[in-house]
Amino acid sequence: MSDLNEVGERDNWRCWLCDKDVDPDASVNSDLGPSTDSYAVTKAKKGSPAVERLAHRMCNTMKGKHTPVVAWPEDLLAAEPAPIVETVERLLQKGGRELVARFSSESDAENASVWLLDRLSRFAPNAKFDTQVNSGGGQFLLMLRMA
Ligand SMILES: [Zn+2]
C-alpha cells in the first residue's frame with residue numbers, strides 16, 4: 001500500500017486517465033477505488049523509465065480493453081479535434097508538430113491551448129509540450145509540438 005499512497009500523493013489523488021479526483025479512502029476493490037499502473041505513453045521516449053500513475057480501478061480496467069481517451073471539454077468548441085492520446089504518442093515517438101483542432105475564434109483557440117497544456121502536464125508529466133495558434137482560412141489552428 002505504501003506505493004499506492006506515494007503515487008497518490010504525487011499525483012494529488014487525481015486519476016491520470018479521466019482527470020477526476022480519486023478517493024484515497026475508497027476500497028481498492030471498488031470501481032472508483034485507487035489503483036496504479038504504468039502506461040506506454042510515459043515511456044515512449046527512449047530511455048525514460050515507465051512511471052507509475054494513479055488511476056481509478058475502473059479507468060485502469062477499461063484501459064486494457066480500449067486505448068485510453070482524453071476527452072476534449074465540450075465548452076471549448078473545437079472543430080475536428082484530434083484524438084489526444086494518439087497524437088501525444090506520435091509526437092513522443094517522432095517529434096514534429098501536429099494540428100490538434102480548429103477554432104472559429106482566436107480566444108477559443110487560446111483557451112483550448114491553456115487547457116491542453118495543463119491537461120498534458122498531468123497526462124504525460126515526463127514530456128514538455130508547446131502550442132501555437134496559427135490563423136488561416138478564417139480559422140484558428142491549434143498546433144501541438146514537443147517543447
Ligand atoms: Zn478515472
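Treat the numbers as computed from the prediction; the structure is a model and nothing was measured. (Residues numbered from 1 in each chain as written. Predicted model: local features only at pLDDT ≥ 70, side-chain atom pairs only at ≥ 80, totals over all residues. Heavy atoms only, no water.)

Just to check I follow, could you spell out the coordination of the zinc ion for this structure?
Each angle at a metal carrying four tetrahedral donors should ideally be 109.5 degrees, and each at a metal carrying six octahedral donors should ideally be 90 or 180 degrees. Only Cys-15 (SG), Cys-18 (SG), His-56 (ND1) and Cys-59 (SG) from the protein reach the zinc ion as donors, at distances of 2.0 to 2.4 Å. Metal-centred angles of 99 to 117° between the four donor atoms at the zinc ion mark the site as tetrahedral. Each donor residue of the zinc ion lies on one chain, and together they are spaced C-x2-C-x37-H-x2-C. A residue pair is termed long-range when its members are at least 10 positions apart, and Cys-18 in the loop between α1 (2-10) and β1 (34-38) and Cys-59 in helix α2 (residues 57-65) qualify at 41 residues. Its relative accessible area of 28% is what places Cys-18 among the partly exposed residues. For Cys-59, a relative accessible area of 14% gives the class buried. (Donors = N, O, S within 2.8 Å, 3.2 Å for Na, K, Ca; no water. Tetrahedral: all angles 85-135°; square planar, octahedral: opposite > 155°, others 65-115°. Helix = DSSP H or I, 4+ residues; strand = E, 2+ residues; numbered from the N terminus. Buried < 20%, exposed > 50% of the residue type's maximum accessible area, 1.4 Å probe, protein only.)

How should I be thinking about the side chain of Asp-108 in this particular structure?
With respect to the element layout, Asp-108 can be found in helix α4 (residues 106-123). Arg-102 provides the closest opposite charge to the buried, unpaired Asp-108, separated from it by 14 Å. If we skip the residues at most four places from it in the chain, Asp-108 touches Leu-76, Leu-77 and Phe-103. (Lys, Arg positive; Asp, Glu negative; His and termini not counted. Salt bridge = Lys/Arg side-chain N within 4 Å of Asp/Glu carboxyl O. Contact = heavy atoms within 4.5 Å.)

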